[in-house]
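Remarks on the overall topology
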Amino acid sequence: MRYLPLSDNDRADMLARIGVDSIDELFADIPEAVRLEELTTLPRRKTEMQVERQLSAMANKNVSAGSLPFFVGAGAYKHHVPATVDHLIQRSEFLTSYTPYQPEITQGTLQALFEFQTQVANLTGMEVANASMYDGSTGTAEAVLMAHRVTRKKKAVLSGGLHPQYREVVEGVSAKLPGASVAALPADPTGTEDILAQIDDETSCVVVQSPSFYGQLIDLKPIAEKAHKHKALLIAVFTEVVSLGLLESPGAQGADIVVGEGQSIGNPLTFGGPYVGLFATRQKYIRNMPGRVCGETTDAEGKRGFVLTLSTREQHIRRDKATSNICTNSGLCSLAFTIHMTLLGGKGLARLARINHMSAVALADALSAVDGVEVLNSAYFNEFTIRTPKNAHDVIEALAAKGVLGGVPVCRLDKSGGDIDNLIVVASTEVNTDEDRAAYAQALKEVLA
Amino acid sequence: MTMNHQGRPTRAGEAGPPMPHQTFTGNKALDMEEPLIFEIGHMDNCGVDLDEPMDFVPRLGNHMRSEPVELPALSEPETMRHYVRMSRNNYAIDSGLYPLGSCTMKHNPRLNEKMARLPGFADIHPLQPISTVPGAFELISELADWLMELTGTNAVAMSPKAGAHGEQCGMMSIKHAIAAKGEERSIVLVPESAHGTNPATAALVGYKVVSIPAREDGTVAVEAVIEKIEAHAGQVAALMLTNPNTCGLFEPEVIEIANAIHEAGGYFYCDGANFNAIVGKAKPGDLGIDAMHINLHKTFSTPHGGGGPGSGPVVLSDRLAPYAPLPFIRKNGDELEVVETTDQLKDGEQPFGRMTAFFGQMGMYVRALSYMQSHGSDGLKQASEDAVLNANYVRVGLQDLMTLPFGVKPCMHEVLFDDSFLNDTGVSTLDFAKAMIDEGYHPMTMYFPLVVSGAMLIEPTESESRASLDLFVATMRDLVMSAKAGEKDRFEGAPFLAPRRRLDETAAARKPILKWVAPEPTKVEPELA
Ligand SMILES: Cc1ncc(COP(=O)(O)O)c(C=O)c1O
């Protein structure tokens, strides 16, 4: 087997050295009744070429985003990632290293984390950021738990603009915690819900996504004010981090925790994972923050260096009193984020964001020119919601048959019915061309005719 | 003196005296000092060529940013050099033996990377029409089949994002199953030797943790479990047990323990972080587990990436299978049906909720399946045998000099030493580990598990050749003898040769500096100006 360096001679010599007659003597603690002879039901080893052939055949059955006009968003976005990023994250020294528990020989990873934390904090307008969560959805659940710790209250109010699957993740964690409750507002495509009315003295946190799941931009300031009046925290969520290049930062609007999905910068779609959860908050809350954090210090010769710090919050020290159970996080995805962000800089990000916004504006104009199609959002970034006269699921399938992936039918995620069944969330980014948009409008016209 | 054709001297010549000076740059030849991007980047430049945005009337309402994003950029060559230089300050599997116990730092095949980057896997969206991604579900389903077969179970929740997330998924299933029976239980039993994520997970799911002491021999006695079950009659929801355990030992009474917890109406959560020891040798399902996460980033070779990402699918017993979270794939003969929402549920399916948006760590699934197919059933079994063989080879190479806390006996894929061999040497456990760095090794896992004093947990994995192990053992022996000979200078303050000397972690925690802040411009005193 190509991955195993020992030869049969090595094995025999080593067994002799250990002083046993057979390898099975080393497995003697396994109760005899359950010891396996062979795994007869599974195929045997394959050459590199055979594996490549077999997996390529599976991959070829999928329609990849780059192969056709593609407008699917709703929490994961098709962007162009510079070739440099993927090359650098495949450097052996980054790819095959582990969590930097021995800082003297992992300054590469640690310095990158310090850069990542600074980038995330500056982007979100917050004071500190951690070294990443698994993704935006699990990060949101962690933010809610953190708010409960900070406020010593246990009621979360969730906006109807929050990604439905993010809501489900928050509800799942809360449902298992004694005393915790979730007040989730109904779907709110246009950002017109009255969330302020839901905030009271019991409220621990208000969770608001902007741009919302439906693409609508939400003014966070009044929500922050009301939340703070009731000693609750505002958790601002985003799924499209590129939007921060153009939009007022959540920190500047009064958010206490900012959490979101960082996939768009540096990371491919990969069918939903691995992604990278961005998590930022205010300095005064850092001891309640989940996850790893990298900090600056000096070595014995006075040289600057970086270490994992504040670990007394973490599971390996605090065990059942830890702020979170997270251990492995999204290391390499955060590195991809940092490298891509370093290439862009603030100026590049702003430009990328403008291109994205324009792409969506152009698409909205093209689609709303189709008979019966209505764009619902008054203010949006690179994503918006349309209502069509036909069932959205059927429309999307019919579009796919015409070679256009036209977005996400809201009814795939939200089964509340009614008007929801006719809504489609549509995203357009820098990868979409005028031809793509024209093809979409034309296909939609035919489907709705 | 020999000359080449250009007349340049080519002989090394005599070694002169040691270098008398610091270098001007602070660099040491290939060992480079690299500033932060914030110190070398440009606010007015960009390393990506982007189109000129069209003129436009924004539809952003009043949400436009008032201040620009304060982040510097580097051009492409600068970016490349910056991160390549930084990377060289990292230890990695590809550059040396990485004996970090409990972490299974095995070789990460590059075929896996190549497969994960096929556009049919890397460039597909989790919410594009299901009809356009049949190959994705085929891959997930095939990986699930392998995992179920290797563990002897009939169900697996694929979506958890890492081991700890898998623990959470398993424990939420258990809590849900208990509630479905109309019961309420408040306690989870966790052995003292458990990884920190176990008690942290139990608490996160709302349980109180009761600790089980380890036996003299490093394993858990069924009597100790029964004692706690009886002390908390009717309240024990589950036992979380790692097997093989964190001391590198297979729990010999695991079946009796499983029976005891089942008889008490509780569930057996098995931490499968150490599955690499027993793949193809035993099926956890045959041992009576109800849930077990598998760290694909350990046992199945997906890269650790400097701390992630991972993937932690959880296999489930028939008793827990109905409570597995959304989404899942239902097999109707050869047809794969994707179940994403509650309206699609059939009789008996009662998911507790959802662990994450979308379907989990697809990129890791591809890599893990690529690894499994490469090994096949025969190779997987051989890999586990080699992992155990290598650990025992290291054990016999060191057991006369270092101390085995539970006596001389075979271990599984990792060997646990304690620090009593350092007693009276004046060398601390940490100093000892740091001296390994100077010898070119990443230290083993230190101070874990907590059940022995100064734990040193060594996991060589099956990826090491015999020559590599021989050199490692010889190095360790040399270090131990040096410590015992009182050569404290080699240890105190080590490492001496790494890119950094020992770092001040206390200062880092006391006054946390978690991001770069522009230095205050130095004020010029008026009278000096
Ligand atoms: C024994 C044990 N359990 C659980 C975990 C947690 O796994 P992960 O880091 O994938 O969340 C680890 C990993 O370090 C471990 O060693």
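Quick caveat: nothing in here was measured; it's all calculated off a predicted structure. (Residues numbered from 1 in each chain as written. Chains lettered and ligands numbered in written order. Predicted model: local features only at pLDDT ≥ 70, side-chain atom pairs only at ≥ 80, totals over all residues. Heavy atoms only, no water.)

Considerations on the pattern of salt bridges
Under the convention used in this document: A pair is scored as a salt bridge if a Lys or Arg side-chain nitrogen falls within 4 Å of a carboxyl oxygen belonging to Asp or Glu. Segments assigned H or I by DSSP are reported as helices when at least four residues long, segments assigned E as strands when at least two residues long, and all are numbered from the N terminus. Three labels apply to residues, based on accessible area from a 1.4 Å probe with only protein chains included: buried if under 20% of the type maximum, exposed if over 50%, partly exposed otherwise in between.
Here the structure, examined in full by the defined rule, presents 49 salt bridges over all chains. Between Lys434 of chain B and Glu104 of chain A there is a salt bridge, and its shortest N-O distance comes to 2.8 Å. Here Glu104 of chain A lies in the loop between α4 (92-95) and α5 (107-124) and Lys434 of chain B lies in helix α11 (residues 429-438), a pairing that spans two chains. Comparing Lys434 of chain B with Glu104 of chain A, the two get one shared label, buried. Close ionic contact of Asp431 of chain B with Arg502 of chain B constitutes a salt bridge, the shortest N to O distance being 2.9 Å. Placement of Asp431 of chain B in helix α11 and of Arg502 of chain B in the loop between α12 (466-484) and α13 (505-510) is noted, with a sequence separation of 71 residues between them.

Details of the UniProt feature "domain: Glycine cleavage system P-protein N-terminal" (unreviewed entry) in chain A
Under the convention used in this document: UniProt positions are given in the numbering used here, feature names are shortened, and annotations may be inferred rather than shown by experiment.
The UniProt record annotates "domain: Glycine cleavage system P-protein N-terminal" (unreviewed entry) at residues 1-402 of chain A. Each end of residues 1-402 of chain A is marked by a C-alpha atom, and these two atoms are 46 Å apart; helix forms 35% of the span and strand 13%.

A closer look at the sheet that holds strand β13 (residues 423-427) of chain A
All names here are of chain A. The following threshold applies: By this definition, two strands are paired if DSSP reports at least two bridges between them. In what follows, a contact means two residues having at least one pair of non-hydrogen atoms within 4.5 Å. Orientation is described by lines fitted to C-alpha atoms, with helices fitted over the stretch in contact, and by angles between N-to-C directions that extend from 0 to 180 degrees.
Here we have 4 strands laid out as an open sheet, ordered β10-β11-β13-β12, and antiparallel in their pairing. At either end of the open sheet lies a strand with only one pairing partner, and these are β10 (374-375) and β12 (408-409). Pairing of strand β11 (residues 383-387) with β13, which is carried by 5 bridges, proceeds in the antiparallel orientation. Counted as the bridge partner of Ile386 is Ile424 from β13. Seen against the sheet, helix α10 (residues 331-368) touches β10, β11 and β13 and runs at an angle of roughly 10 degrees to β11. Of the strands in this sheet, β12 and β13 are in contact with helix α11 (residues 392-401), which crosses β13 at around 45 degrees.

Quick word on the site of the ligand
Here is the rule we go by: By convention in these notes, a residue is near a molecule or strand provided one of its non-hydrogen atoms lies within 4 Å of it. Counted as a polar contact is a pair of N or O atoms within 3.5 Å, where, for protein atoms, one must be capable of donating a hydrogen and the other of accepting one, and residues adjacent in sequence contribute only when both atoms are in side chains.
In the vicinity of the ligand there are 15 residues, among which Thr328 of chain A together with Ser102, Asp271, His297 and Lys298 of chain B approach most closely. Those chains with residues close to the ligand are chains A and B. Note that an oxygen atom of the ligand is positioned 3.4 Å from one of the side-chain N or O atoms of His195 of chain B. One of the side-chain nitrogen or oxygen atoms of His297 of chain B is found 2.7 Å away from an oxygen atom of the ligand. Per element, the largest residue contribution to the shell around the ligand is 3 residues, and it comes from helix α6 (residues 163-180) of chain B.

Some points on the nonpolar core
Note the cut-off: In this description, a nonpolar core means a group of buried Ala, Val, Leu, Ile, Met, Phe, Trp, Tyr and Cys residues linked to one another through side-chain atoms lying within 4.5 Å.
Residues Ile235 of chain A together with Phe300 and Phe432 of chain B are the most contacted members of the largest nonpolar core, which totals 188 residues. If you tally residues by element for this core, the top one is helix α10 (residues 362-398) of chain B, at 16 residues. Sequence-distant contacts of Phe432 of chain B, that is, excluding residues within four places in its chain, are made with Phe421, Leu422, Val427, Met444, Met456, Met476, Leu479, Val480 and Phe491 of chain B. Judged by nonpolar contacts, the second largest core, of 73 residues, contains Leu95, Ala227 and Leu344 of chain A together with Val48 of chain B.

Considering the UniProt feature "domain: Glycine dehydrogenase C-terminal" (unreviewed entry) in chain B
UniProt records the feature "domain: Glycine dehydrogenase C-terminal" (unreviewed entry) for residues 383-484 of chain B in the present numbering. Structurally, residues 383-484 of chain B is divided into 44% helix and 8% strand, and its ends, taken at the C-alpha atoms, are 36 Å apart.

Here's the deal with the side chain of Glu314 of chain A
Residues and elements named next belong to chain A. Mapping Glu314 onto the fold places it in the loop between β9 (304-309) and α9 (315-318). Its relative accessible area of 5% is what places Glu314 among the buried residues. Leaving out residues up to four positions away in the same chain, Glu314 has contacts with Gly291, Arg292, Arg319 and Ala322.

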